[in-house]
Amino acid sequence: MSQVWPYLPARAVNITSLAEFDRLAAEALGFQRSRGRSWRVHRVDLRERDTELAALDLAEALFIDCQFSEAGRALVQRTGGLCMDSGEQLPFRTSGRGLYTPEELYEGIRSQTYDHVPDALIYTYSQQHGPRRSLTDDQAMAATLHDHHVGQALIAEVYDGAFKDTPIIGVMGGHALSRGTERYAQALDLGAQLTRAGYAVATGGGPGAMEAANAGAWLADYGPAEVSTALQMLAAEPDAIRRRTGWARTALAVKARFPSERTSLGVPTWFFGHEPPNLFATHIAKFFANSTREALLLEQSNGGIVVLPGSAGTVQEIFQDACENYYATGARVVPLVLVGREHWTRTLPAWQLLKALAAEQTMEDKIALVDSVAEAVEFIGGMQPLRRRTRF
């Protein structure tokens, strides 16, 4: 088995020759869903491949230092693929920094497309220097130092900064939840209700349910009419993967129309770099290592966790937290609420296993399955969560 840099998704496919591209494109086009899933195409001349680029769904693909015809680059970008130049200089600081802000990660988005903003450039760097065989000691140290300092900055904000003495509620949910849907509006309402109740919202920092919860925190002081307007504005650009630039600019327009002093936390990762970070989290702890990100997000959710419908990543978060609660004692156990009976008992029946795991444990009375965000907030409030709890 080849060694892979920890920050490179295990499912990524590196393509370094035109022959490899042709073979994989032919395989992808042979299926009904023609996806170039997680392709990393390095320095391949694609000037004669417009037909293939037009036919493929490249929403998770990254093309680094490739050559295109006059129309080729636009064909890739049409479905959300990224076309980048690698460069040699580090596009991120390794030390002496606090958490990111949306303005920092999206600098230039008003006048340039997403693939030119710092968030995309850092993602490109992480993929360009992915395989361990091409990773120098300096490059490995740079990524490790970056994550260390961002982690320290996150802990400082929780205990001595913006979130000091405020119970943090982790809101987990899938990135695929689209703006303009009823579930998106419900997730936004959850973030707003939690914020108005005196909690701080923390999410995985990405699009979908994560964006909705952070947006709810941002809009917590606005009434139903203003929130409805904001939802309509956001629905005009629902696709965070294929239309990253428009998706981001619409969020900026909402923030400009509805200014806010509310804060919330986003903890995304360049491991899932095709999913851009949302712009409603005011404090962003973005990591190269997904394992570090997952652990810190759950550890700092000291008031409880609310889980909205999601898929594999959300299921992982449920049981990662459940494992912590299973072995914890007394006040170190935080409430865990799953929202959506149909989803969590039939679509992905995690509730049955969670309930069986919790039987006769301290956590048994601190888990719940509900159907509405109001029920979730009520359950969390009834648990009287600690304000300064950690799982170290």
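A few points on the structure. Position numbers for residues count from 1 along each chain, tracking the sequence in the order it is written. pLDDT decides what is reported in this predicted model: residues at 70 or higher carry local features, side-chain atom pairs at 80 or more are listed and counted, and totals for whole chains, interfaces and linings draw on all residues regardless. Remark: hydrogens and water are excluded; side-chain values derive from all non-hydrogen atoms of the structure.

Examining the packing of helix α9 (residues 224–235) against helix α10 (residues 244–257)
Okay, so step 1: Across the interface, α9 lies against α10 with an axial gap of 9 Å and an inter-helix angle of 160°. The orientation of α9 with respect to α10, classified from their angle, is roughly antiparallel. The hand of the α9/α10 crossing is right-handed. Side by side, α9 and α10 meet where T229, A230, M233 and L234 of the first sit next to T250, A251, A253, V254 and R257 of the second. Whenever a helix is involved, its axis is fitted only over the stretch in contact; in every case the axis is a line through C-alpha atoms, and angles between N-to-C directions fall within 0 to 180 degrees. By definition, any uninterrupted DSSP run of H or I lasting at least four residues is a helix, any uninterrupted run of E lasting at least two residues is a strand, and each is numbered from the N terminus. For classification, angles of less than 35 degrees are called roughly parallel, those exceeding 145 degrees roughly antiparallel, those between 65 and 115 degrees roughly perpendicular, and all remaining angles oblique. Crossing chirality is assigned from the near helix's rotation relative to the far helix, an anticlockwise turn below a right angle marking it left-handed and a clockwise turn marking it right-handed. Contact criterion: two residues are considered in contact whenever any of their non-hydrogen atoms come within 4.5 Å of each other.

What about the sheet that holds strand β4 (residues 82–84)?
Okay, so step 1: Pairing between two strands requires that DSSP report at least two bridges joining them. In space, the four strands of this open sheet follow the order β1-β2-β3-β4, with parallel pairing throughout. Every other strand in the sheet has two partners, leaving β1 (13–15) and β4 as the edge strands with one partner each. Ignoring which end each strand starts from, the neighbouring axes of this sheet average 15° apart.
Okay, so step 2: Note that strand β3 (residues 62–64) and β4 share three bridges and pair parallel. Paired with L62 across the two strands is L82, which belongs to β4.

What about helix α14 (residues 350–358)?
Okay, so step 1: Within α14, the full set of buried residues consists of A350, W351, L354 and A358. Axial view of α14: buried residues confined to an arc of 95°, hence all on one face. Turned more than 90 degrees away from the buried face of α14, the exposed residues are L353 and A356.
Okay, so step 2: Check the buried side of α14 and you find it contacts α12 (312–327), β10 (336–339), α13 (341–347) and β11 (367–370).
Okay, so step 3: E360 sits one or two positions beyond α14 and adopts a positive phi of about 65°. Exposure classes here rest on a 1.4 Å probe applied to the protein chains alone. A residue is buried below 20% of its type maximum, exposed above 50%, and partly exposed in between. To be clear, the arc concerns the directions from the helix axis to the C-beta atoms.

Overview of the nonpolar core
Okay, so step 1: As used here, the term nonpolar core means buried Ala, Val, Leu, Ile, Met, Phe, Trp, Tyr and Cys residues forming a set that is joined through side-chain atoms within 4.5 Å. Within the largest apolar cluster, 95 residues are counted, with the highest numbers of intra-cluster contacts made by Y106 and L354.
Okay, so step 2: Of all the elements, helix α6 (residues 137–160) adds the most residues to this core, at seven residues.
Okay, so step 3: Apart from the residues lying within four places of it in its own chain, the contact partners of L354 are I318, F319, A322, L336, L338, M363 and I367.
Okay, so step 4: In this structure, L24, V44, L46 and C66 belong to the second largest nonpolar core, which totals 19 residues.

Considering the side chain of T79
Okay, so step 1: Counting through the fold element by element, T79 comes out in the loop between α3 (72–78) and β4.
Okay, so step 2: By relative accessible area, which is 12% here, T79 ends up buried.
Okay, so step 3: The contact partners of T79, leaving out residues within four places of it in the chain, are L56, D57, L58, A59 and R242.

Some words on the pairing of strand β5 (residues 168–172)
Okay, so step 1: Across the five residues that make up β5, a large majority, five, are buried.
Okay, so step 2: Of the two faces of β5, the one lined by I168, G170 and M172 and the one lined by I169 and V171 are each fully buried.
Okay, so step 3: Inspection of the sheet shows β5 paired to strand β6 (residues 200–203) by four bridges, in the parallel sense. Looking across to β6, one finds that I168 is bridged to A200.
Okay, so step 4: In this fold, β5 hands off to helix α7 (residues 182–196), which returns the chain to β6; that crossover is right-handed. By convention, orient the strands away from the viewer: a clockwise path from the first strand over the helix to the second makes the crossover right-handed.

A closer look at the packing of aromatic side chains
Okay, so step 1: Any two rings among Phe, Tyr and Trp, with Trp reduced to its six-membered ring, count as a pair given centres within 6.5 Å; such a pair is stacked if its planes are under 30 degrees apart, edge-to-face if over 60, and tilted if neither. Throughout the structure, instances matching the rule amount to ten aromatic pairs.
Okay, so step 2: Summarising the aromatic geometry, the rings of Y106 and Y114 are spaced 6.1 Å apart at their centres and angled 50° between planes, so their arrangement reads as tilted. An identical accessibility class is assigned to Y106 and Y114; each is buried.
Okay, so step 3: Arranged with centres 5.0 Å apart and planes meeting at 35°, the rings of W270 and F288 form a pair that is tilted. You can see W270 sitting in the loop between β7 (265–266) and β8 (283–284) and its partner F288 sitting in the loop between β8 and α11 (290–300), a full 18 residues away along the chain.
Okay, so step 4: Taking the relative accessible area as the measure of exposure, W270 reaches 1% and is therefore buried.
Okay, so step 5: With relative accessibility at 1%, the residue F288 sits in the buried group.
Okay, so step 6: For the cation-ring pair, K255 lies above W218, with the distance from its terminal atom to the ring centre recorded as 4.8 Å. In this scheme, the term charge over a ring applies when either NZ of a lysine or CZ of an arginine sits within 6 Å of the ring centre and within 35 degrees of the ring normal.

A few points about the packing of α7 against helix α15 (residues 373–382)
Okay, so step 1: It is the contact of α7 with α15, at a shortest axis distance of 9 Å, that shows an interaxial angle of 30°. Here α15 runs roughly parallel to α7, going by the angle between their axes. Where α7 crosses over α15, the two elements pack in a sense that is right-handed. Between α7 and α15, the contacting residues are Q186, D189, L190, Q193 and L194 on the first element and V373, A374 and V377 on the second.
Okay, so step 2: Residues are sorted three ways: Asp, Glu, Lys and Arg are charged, Ala, Val, Leu, Ile, Met, Phe, Trp, Tyr, Cys and Pro are nonpolar, and all the rest, Gly among them, are polar. For the contact of α7 with α15, the per-class residue count stands at five nonpolar, two polar and one charged.

Concerning unusual backbone geometry
Backbone phi values are negative for most residues with the exception of glycine, while trans is the configuration of most peptide bonds.
Okay, so step 1: With a phi angle near 50°, R43 is a residue other than glycine that sits in the positive phi range.
Okay, so step 2: With respect to the helices, strands and loops of the structure, R43 is situated in the loop between β2 (39–42) and α2 (50–55).
Okay, so step 3: With relative accessibility at 53%, the residue R43 sits in the exposed group.
Okay, so step 4: At D165, a position not held by glycine, the phi torsion is positive, near 60°.
Okay, so step 5: On the secondary structure map, D165 appears in the loop between α6 and β5.
Okay, so step 6: Judged by relative accessible area, D165 falls into the partly exposed class, the value being 40%.

This is a description of form; function is not addressed.
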